[in-house]
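# Descriptive analysis of the structure
The primary structure of each chain is shown beneath.
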Amino acid sequence: MVYANDLARKAYFAEAPQVFPLGSIFVREKLSEATSTKPELLAVMIKREKGFNPAANDWLFLTLNGEATSVKERTKKGACLECHESARERDFVFELK
(Lines give C-alpha, C1' and ligand atoms only; values in the text may rest on other atoms or scores of the structure.)
Protein backbone atom coordinates (compact mmCIF):
# COMPACT_ATOMS: atom_id res chain seq x y z
CA MET A 1 0.00 0.00 0.00
CA VAL A 2 1.21 3.52 -0.82
CA TYR A 3 -0.03 6.61 1.00
CA ALA A 4 0.37 10.25 -0.05
CA ASN A 5 -0.40 13.52 1.67
CA ASP A 6 -2.72 16.03 -0.04
CA LEU A 7 0.13 17.94 -1.72
CA ALA A 8 1.61 14.80 -3.25
CA ARG A 9 -1.77 13.40 -4.27
CA LYS A 10 -2.83 16.60 -6.08
CA ALA A 11 0.48 16.83 -7.94
CA TYR A 12 0.43 13.13 -8.81
CA PHE A 13 -2.98 13.38 -10.49
CA ALA A 14 -2.36 16.77 -12.16
CA GLU A 15 -2.28 16.80 -15.96
CA ALA A 16 0.92 18.84 -16.12
CA PRO A 17 4.32 17.10 -15.98
CA GLN A 18 5.08 15.76 -12.53
CA VAL A 19 7.08 18.08 -10.28
CA PHE A 20 6.06 17.62 -6.68
CA PRO A 21 5.82 20.66 -4.39
CA LEU A 22 7.76 21.22 -1.20
CA GLY A 23 6.19 19.17 1.58
CA SER A 24 4.95 16.30 -0.61
CA ILE A 25 5.15 12.98 1.25
CA PHE A 26 4.83 9.38 0.05
CA VAL A 27 4.83 6.37 2.39
CA ARG A 28 5.02 2.81 1.10
CA GLU A 29 4.43 -0.23 3.25
CA LYS A 30 6.91 -3.04 2.64
CA LEU A 31 5.57 -6.42 3.65
CA SER A 32 7.75 -9.41 4.54
CA GLU A 33 5.28 -11.66 2.65
CA ALA A 34 2.33 -10.96 0.38
CA THR A 35 -0.04 -12.31 3.04
CA SER A 36 1.39 -10.17 5.89
CA THR A 37 -1.08 -7.86 7.60
CA LYS A 38 1.51 -5.51 9.09
CA PRO A 39 4.43 -3.90 7.29
CA GLU A 40 7.98 -4.97 8.01
CA LEU A 41 9.14 -1.44 7.27
CA LEU A 42 7.96 1.83 5.77
CA ALA A 43 9.73 3.59 2.90
CA VAL A 44 9.18 7.36 2.96
CA MET A 45 9.95 10.16 0.51
CA ILE A 46 9.70 13.80 1.60
CA LYS A 47 10.13 16.69 -0.84
CA ARG A 48 12.45 19.23 0.79
CA GLU A 49 13.51 22.80 -0.03
CA LYS A 50 15.30 23.63 -3.30
CA GLY A 51 18.98 22.75 -3.06
CA PHE A 52 18.52 20.13 -0.31
CA ASN A 53 19.42 17.21 -2.59
CA PRO A 54 20.00 18.29 -6.20
CA ALA A 55 20.87 14.74 -7.34
CA ALA A 56 17.33 13.57 -6.39
CA ASN A 57 15.46 16.81 -7.15
CA ASP A 58 15.37 17.58 -3.41
CA TRP A 59 13.83 14.34 -2.08
CA LEU A 60 14.78 12.91 1.30
CA PHE A 61 14.52 9.12 1.59
CA LEU A 62 13.73 7.42 4.90
CA THR A 63 13.08 3.90 6.09
CA LEU A 64 11.21 3.38 9.33
CA ASN A 65 10.37 0.26 11.27
CA GLY A 66 6.93 -1.20 10.53
CA GLU A 67 5.34 0.52 13.53
CA ALA A 68 6.77 3.91 12.46
CA THR A 69 8.34 4.36 15.88
CA SER A 70 11.98 4.64 14.76
CA VAL A 71 13.94 5.76 11.74
CA LYS A 72 16.21 3.01 10.45
CA GLU A 73 17.86 5.10 7.72
CA ARG A 74 17.78 8.69 6.49
CA THR A 75 19.55 9.33 3.19
CA LYS A 76 19.84 11.51 0.12
CA LYS A 77 21.45 8.83 -2.04
CA GLY A 78 22.38 5.15 -1.87
CA ALA A 79 20.05 2.32 -2.82
CA CYS A 80 16.94 4.52 -2.59
CA LEU A 81 18.24 7.05 -5.11
CA GLU A 82 19.69 4.33 -7.34
CA CYS A 83 16.28 2.67 -7.59
CA HIS A 84 14.27 5.89 -8.00
CA GLU A 85 16.68 7.18 -10.66
CA SER A 86 14.66 5.13 -13.18
CA ALA A 87 11.66 7.39 -12.43
CA ARG A 88 13.58 10.65 -12.91
CA GLU A 89 11.11 11.88 -15.57
CA ARG A 90 8.31 11.62 -12.97
CA ASP A 91 10.31 13.55 -10.35
CA PHE A 92 11.69 10.26 -8.94
CA VAL A 93 8.19 8.94 -8.07
CA PHE A 94 7.10 5.61 -9.49
CA GLU A 95 3.70 5.19 -11.10
CA LEU A 96 1.23 4.03 -8.47
CA LYS A 97 -0.44 0.76 -9.32
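Residues numbered from 1 in each chain as written. Predicted model: local features only at pLDDT ≥ 70, side-chain atom pairs only at ≥ 80, totals over all residues. Heavy atoms only, no water.

Attention now moves to the overall build of the chain. Within the chain, the regular secondary structure consists of 2 helices and 5 strands. Ordering the α and β elements of the chain from the N terminus gives β-α-β-β-β-β-α. The C-alpha radius of gyration of the chain comes to 13 Å, within 12% of the 13 Å expected for a compact globule of 97 residues. On the principal axes, the C-alpha backbone points of the chain span a range of 35 × 25 × 25 Å. Taking all contacts inside the chain whose residues are at least 6 apart in sequence as the whole, residues at least 24 apart take part in 32%. (Helix = DSSP H or I, 4+ residues; strand = E, 2+ residues; numbered from the N terminus. Rg over C-alpha atoms; globule rule 2.2 N^0.38 Å. Contact = heavy atoms within 4.5 Å.)

So, about the nonpolar core. Counting residues in each nonpolar core, the largest one holds 12 residues, listed as Ala8, Ala11, Tyr12, Phe20, Phe26, Met45, Ala56, Trp59, Phe61, Leu81, Phe92 and Val93. Per-element accounting of this core gives the leading share, 3 residues, to helix α1 (residues 6–12). Contact partners of Leu81, with chain neighbours within four places excluded, come to Ala55, Ala56, Phe61, Lys76 and Phe92. (Core = buried A, V, L, I, M, F, W, Y, C linked by side-chain atoms within 4.5 Å. Buried < 20%, exposed > 50% of the residue type's maximum accessible area, 1.4 Å probe, protein only.)

For the rest of this paragraph, the subject is unusual backbone geometry. Not every positive phi belongs to a glycine, and Asp91 is a case in point at roughly 60°. In this structure, Asp91 sits in the segment after α2 (78–84). Located in the positive-phi region is Phe92, a residue other than glycine, with phi close to 70°. Note on placement: Phe92 falls in the segment after α2. Under the relative-accessibility criterion, Phe92 is labelled buried at 2%.

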